[in-house]
Amino acid sequence: MLALLRDGDEEAFVSLVSRYQQPMLRLARSFVPSQAVAEEAVQDTWLGMVRGIERFEGRSSFKTWLFRILVNRARSAGTREHPAAPTEPLHAVDPARFNDQGQWADPVDRWIEESEQRLDAAAWSPVLKAALEDLPPRQRQVVLLRDVEGLSNEEACAVLGISVGNQRVLLHRGRSQLREILESKMGKR
Amino acid sequence: MLSLRHKDIVCQQAVELVTDYLEGALSRRDRRRFEAHLRACPNCTAYVEQIRITILLAGAIDAEDLTPKAREELRDLYRGWRRE
């Protein structure tokens, strides 16, 4: 694939675009104020990829390299990152769910024992997408890279330029919040 | 994330340790306490399972296909870049 790209193979480029355009748009959107600016940042990234592919040395995975270009472009296109907003939940689970001894006040639902239909991934896709959009940007960035795109923690840290510890805190809050949203919808299916 | 001063952890502490646990970031001692808590607590076991399912579902988000128009626009851009 890399060799084809270096040779300027058009089909290789198109297949790359088909694979990464939407994931990159989703990530870019967490940095910039509008879809139009996100699209520009992604387009800039493709240009940067085409121009830089000769110099890509394979020290990181191609995906990490590509997402890093994107994050750099998106950041300079207009960041909307801000220090942790006070509305970000500090608890993985609403404290009201625990009794005075810190134990669950009510039993926790076992999702896995439910019908397969309830855990049909395709059916949950729209819910997950909407829930991701509701996450604060920095949490969303980490969850997108780690859980949606499947990057390792080192790769996600390299893409975002954050520490492993910081990444873990953001991942924890992001995943906790996604779980809570899923839980609120599970009962209704 | 939390310092565990007491021998046993309670559910409210356990839920804050799940990510560190899944990331392999707990000290050996904290991991043992966490796992001991899970063995004794069906609720927290179910909770960890919910988090795992959340991760699975996030990984299964379907990437919507590009419209043929968007694909052709990018193809044209690429041709332009190659000519430069």
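None of the values given here were measured: they were computed from a predicted structure.

Caption draft 1: Inspection of the overall build of chain A at higher detail. The number of helices and strands found in chain A is eight helices and zero strands. The linear arrangement of helices and strands in chain A, starting from the amino end, is α-α-α-α-α-α-α-α. Taken across its 189 residues, chain A has 35% of its residues classed as buried.

Caption draft 2: Seen up close, helix α6 (residues 137-148) of chain A. Among the 12 residues of α6(A), 11 are classified as buried, and the element is accordingly described as predominantly covered. Among the structural elements, α2 (10-29), α4 (62-76), α5 (121-134), α7 (153-160) and α8 (164-186) of chain A together with α3 (42-59) of chain B are those in contact with the buried residues of α6(A). Once α6(A) finishes, A:Gly150 follows within two positions and takes phi at roughly 75°, a positive value.

Caption draft 3: A look at the environment of A:Arg97. Positionally, A:Arg97 belongs in the loop between α4 and α5. Look past the residues within four positions of A:Arg97 in its chain and what remains in contact with it is A:Trp104 and A:Ala105.

Caption draft 4: Representation of the environment of A:Arg168 in the model. Residue and element names in this part refer to chain A. Tracing the chain through its elements places Arg-168 in helix α8. Its 21 C-beta neighbours within 10 Å are what place Arg-168 among the buried residues. A sequence separation of 11 residues divides Arg-168 from Cys-157, and the C-alpha atoms of the two residues are 9.7 Å apart.

Caption draft 5: Fine view of the nonpolar core. Core analysis: the largest hydrophobic core is formed by 43 residues, its most contacted members being A:Ala28, A:Leu70 and A:Val143. For this core, the elements supplying multiple residues, two or more each, are α2, α3 (35-52), α4, α5, α6, α7 and α8 of chain A together with α3 of chain B. Taken domain by domain, this core gets at least three of its residues from each of domain 1 (2-76) and domain 2 (97-186) of chain A. In contact with A:Ala28, not counting residues within four places along its chain, are A:Ala38, A:Ala41, A:Val42, A:Leu70 and A:Ala74. In terms of nonpolar packing, the next biggest core, distinct from the first, is built from 15 residues, A:Ala92, B:Ile9, B:Cys44 and B:Val48 among them.

Caption draft 6: Quick look at the interface of chain B and chain A. Contact residues are listed per partner, giving 36 residues for chain B and 46 residues for chain A. Elements represented by at least two residues in the side of chain B that touches chain A include exactly α1 (11-22), α3 and α4 (68-83) of chain B. Tallying contributions element by element places α3(B) first for the side of chain B that touches chain A, with 12 residues.

Caption draft 7: A look at the confidence of the model for chain B. All names here are of chain B. Predicted confidence across chain B gives a mean pLDDT of 88, with 92% of residues reaching 70 or more. When mean pLDDT is taken per element in chain B, α1 scores highest with 96 and α4 scores lowest with 86. Predicted complex, confidence summary: ipTM 0.86, pTM 0.88.

Caption draft 8: Spatial organisation of α7(A). All names here are of chain A. Those residues of α7 that sit buried are Glu-155, Ala-156, Cys-157, Val-159 and Leu-160. Contacts made by the buried residues of α7 are with α4, α6 and α8. Remark: Gly-161 follows α7 within two positions and exhibits a positive phi of approximately 65°.

Reading the values: the criteria
- Residues numbered from 1 in each chain as written.
- Chains lettered and ligands numbered in written order.
- Predicted model: local features only at pLDDT ≥ 70, side-chain atom pairs only at ≥ 80, totals over all residues.
- Helix = DSSP H or I, 4+ residues; strand = E, 2+ residues; numbered from the N terminus.
- Buried ≥ 20, exposed ≤ 12 C-beta atoms within 10 Å, placed from the backbone.
- Contact = placed C-beta atoms within 7 Å.
- Core = buried A, V, L, I, M, F, W, Y, C linked by C-beta atoms within 7 Å.
- Domains from an automatic or database assignment.
- pLDDT = per-residue confidence, 0-100.

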